[in-house]
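Structural overview for review
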Amino acid sequence: MKLNGLLLFSAAALILSCSNDKDNTEIETEQNSIVGEWQATELQIDEQTASDDAKLGKLVLDFLTARDCVILTFDFKADLTVTAEDAADYLPPVEGVITGSGFTCPTESDTTASTYTYDGSVLTTVDENGQTLSIDVTIDGDTMTVDATDLNIDNFNDEGQLIFKRI
């Protein structure tokens, strides 16, 4: 009888002592799925219902992407820091971008640093001023999709889905 009690106690202790390695591994895997440098490459919009600003944003981003001109990048590091580079404020006038006349990629950009967490569906950043931004993110391999309205980035926050490619 003592042996059965000892075995029962040992089995219970073994079961209860198992850690949440699976849960921790899943969280770590989700966190790591966003690590890397991501470039904005496309703005997906509904051409039938999109505003003129969204259509113009798509047109400009399509033009820039076709010319390997990078306007917006995020660099997510494993230490939970992220750096954003946004060159949108340094684009030539829209007419020059659309027609290509005298167009050159901007050589300047604004850089911001933040910390982040990512749980596999929601990305939360906290900037140097303590401002928190939470956005829904979908990652499929090396493609990240973000609801553009969730972003607080001029020229890309009107509507649609902003597509990023990991480089």
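Attention in this report is confined to the structure presented alongside it. All of these numbers come straight from a predicted model, not from anything done at the bench.

**A word on the environment of Phe-103**
Along the polypeptide, Phe-103 turns up in the loop between helix H4 (94-99) and strand E4 (110-118). With relative accessibility at 15%, the residue Phe-103 sits in the buried group. In the structure, Phe-103 is positioned 11 residues away from Pro-92 in sequence and 7.0 Å away in space, judged by C-alpha atoms.

**Considering helix H3 (residues 52-66)**
Compared with an ideal rise of 1.5 Å per residue, which puts 15 residues at 21 Å, H3 spans 21 Å between its outermost C-alpha atoms and is within 8% of the ideal. Among the residues of H3, those classed as buried are Ala-54, Gly-57, Lys-58, Val-60, Leu-61, Phe-63 and Leu-64. Looking at the residues trailing H3, positive phi occurs at Asp-68, about 55 degrees.

**Considerations on the pairing of strand E7 (residues 143-147)**
Residue alternation in E7 divides its side chains into a buried set, Met-144 and Val-146, and an unburied set, Thr-143, Thr-145 and Asp-147. As judged from the 4 bridges shared by strand E6 (residues 132-140) and E7, these two strands associate in the antiparallel manner. Bridge pairing in E7 links Thr-138 to Thr-145. Where E6 folds back on E7, the antiparallel hairpin that results is connected by 2 residues, among which Gly-141 adopts a positive phi of roughly 65 degrees.

**Focus on the pattern of salt bridges**
Per the stated rule, a full pass over the model turns up 3 salt bridges. Lys-58 is the salt-bridge partner of Asp-62, the closest N and O atoms lying 3.0 Å from each other. In this pair, Asp-62 and Lys-58 are both assigned in helix H3, 4 residues apart and thus about one turn of the helix distant. Here Asp-75 and Lys-77 are joined by a salt bridge, their closest N and O atoms 2.7 Å apart. Asp-75 sits in the partly exposed class, given a relative accessible area of 22%. You can call Lys-77 partly exposed: its relative accessible area is 35%.

**Regarding the sheet that holds strand E2 (residues 72-76)**
Within the closed barrel, the 8 strands sit side by side as E1-E2-E3-E4-E5-E6-E7-E8. Their pairing is antiparallel. Each strand axis lies, on average, 35 degrees off the axis of its neighbour in the sheet, ignoring direction. Where strand E1 (residues 36-44) lies against strand E8 (residues 161-166), 6 bridges are found, and the strand directions are antiparallel. In the strand pairing of E8, Glu-42 is matched with Ile-163. Contacts from H3 reach E1 and E8, with the element oriented near 130 degrees to E1.

Conventions we followed
- Residues numbered from 1 in each chain as written.
- Predicted model: local features only at pLDDT ≥ 70, side-chain atom pairs only at ≥ 80, totals over all residues.
- Heavy atoms only, no water.
- Helix = DSSP H or I, 4+ residues; strand = E, 2+ residues; numbered from the N terminus.
- Buried < 20%, exposed > 50% of the residue type's maximum accessible area, 1.4 Å probe, protein only.
- Expected span 1.5 Å × (residues − 1).
- Pairing = 2+ DSSP bridges.
- Salt bridge = Lys/Arg side-chain N within 4 Å of Asp/Glu carboxyl O.
- Axes fitted to C-alpha atoms, helices over the stretch in contact; angles between N-to-C directions.
- Contact = heavy atoms within 4.5 Å.

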